[in-house]
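Spelled out, the chains give:
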Amino acid sequence: MCTPEGEGVVVVVDCHAHGAALRELSDALALIPPAMHGAASTMHISTKYYDAAVRVQAEHAHSFPAFTAPCDALVVLAGSGPLPAAVSVALRAYIDTHQPHILLCACAVDCPDAPSLDHLPAFKLCADTGMEFVPLLPDLPPPREPAQDTECEGLDRVREALHAHVWPGHTLKRRDEEERARVFEDTLAMMSQLRDTSAKMPDSERREFAARVALSMWECLGEDDDEDEKG
């Protein structure tokens, strides 16, 4: 999959006749500006480890078959009625072509334990593509910051999945930079110790210590290489 360099992208496909579901998702993700069909917004993500600004492109289901730009995450807002066949075909082709990392189908249901026959096309789409089915219940409370010991539901689950991804172009927080600097300094100290004491060590201990130094250096430098590739 290829997205614009240094930019994470979410594509939202709205299957609802009206824009209420899109507005609710926009509020849950704190999009700036609020999401509108055919327009892009920005989702700001701040986790314990990094910050990221992600572009969110909203498309109505009727116009999505003509949409060809790649993305990292695909979110489908399915209505209470059947998923239109043309939309289902377009979604399957899009997923097969671009292979987004995150696939979510948020579907309005009255009862998640007894879905109606209208939801079968959405269920089949999820089963065939690996998309996660996220039921949206009418009586769910507004999205909130979930407790660590509870399972997220509805739009909380959509937000959780998007916030759990490591997005292209993210910026590490200072605490991570300081931690990597500390590891690097410790590795240099270990190298100095190896140089000063290796002559006095038995071969087995010297090889073991050298392996520890090499592993520590690889972990330190390997993180930087990974970040360069992501950026």
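Everything in this summary refers to the structure shown in the same document. (Residues numbered from 1 in each chain as written. Predicted model: local features only at pLDDT ≥ 70, side-chain atom pairs only at ≥ 80, totals over all residues. Heavy atoms only, no water.)

**Section: the environment of Glu-132**
Using the following cut-off: Numbering of helices and strands runs from the N terminus; a helix is a DSSP stretch of H or I covering at least four residues, while a strand is a stretch of E covering at least two. Relative accessibility decides the category of a residue: with a 1.4 Å probe and only protein chains considered, values under 20% of the type maximum give buried, values over 50% give exposed, and everything between is partly exposed. The contact criterion used throughout is that any non-hydrogen atoms of two residues lie within 4.5 Å. Two N or O atoms count as a polar contact when they lie within 3.5 Å, although within protein this holds only if one can serve as hydrogen donor and the other as acceptor, and sequence-adjacent residues are included solely when both atoms are side-chain atoms.
Here Glu-132 is to be found in strand 6 (residues 132-136). For Glu-132, a relative accessible area of 29% gives the class partly exposed. Separated by 26 residues in sequence, Glu-132 and Ala-106 have C-alpha atoms that sit 8.3 Å apart. Discounting chain neighbours no more than four positions away, the residues touching Glu-132 are Leu-103, Leu-104, Cys-105, Cys-126 and Arg-157. Within the local environment of Glu-132, its side chain forms a polar contact with the side chain of Arg-157, the two groups lying 2.8 Å apart.

**Focus on the pattern of salt bridges**
Defined as follows: Any Lys or Arg side-chain nitrogen located within 4 Å of an Asp or Glu carboxyl oxygen qualifies as a salt bridge.
According to the stated counting rule, one finds 6 salt bridges in the structure shown. Measuring nitrogen to oxygen at the nearest pair gives 2.8 Å for the salt bridge that ties Arg-92 to Asp-128. Of this pair, Arg-92 sits in helix 2 (residues 85-98) while Asp-128 sits in helix 3 (residues 120-129); the two residues are 36 residues apart in sequence, bridging distant segments of the chain. Notably, a salt bridge pairs Asp-156 with Arg-159, separated by 3.4 Å at the nearest N-O pair. In this pair, Asp-156 and Arg-159 both sit in helix 4 (residues 154-163), 3 residues apart, roughly one turn of the helix. Given the relative accessible area of 13%, Arg-159 is considered buried. Through salt bridges with shared partners, one network takes in Arg-92, Lys-124 and Asp-128.

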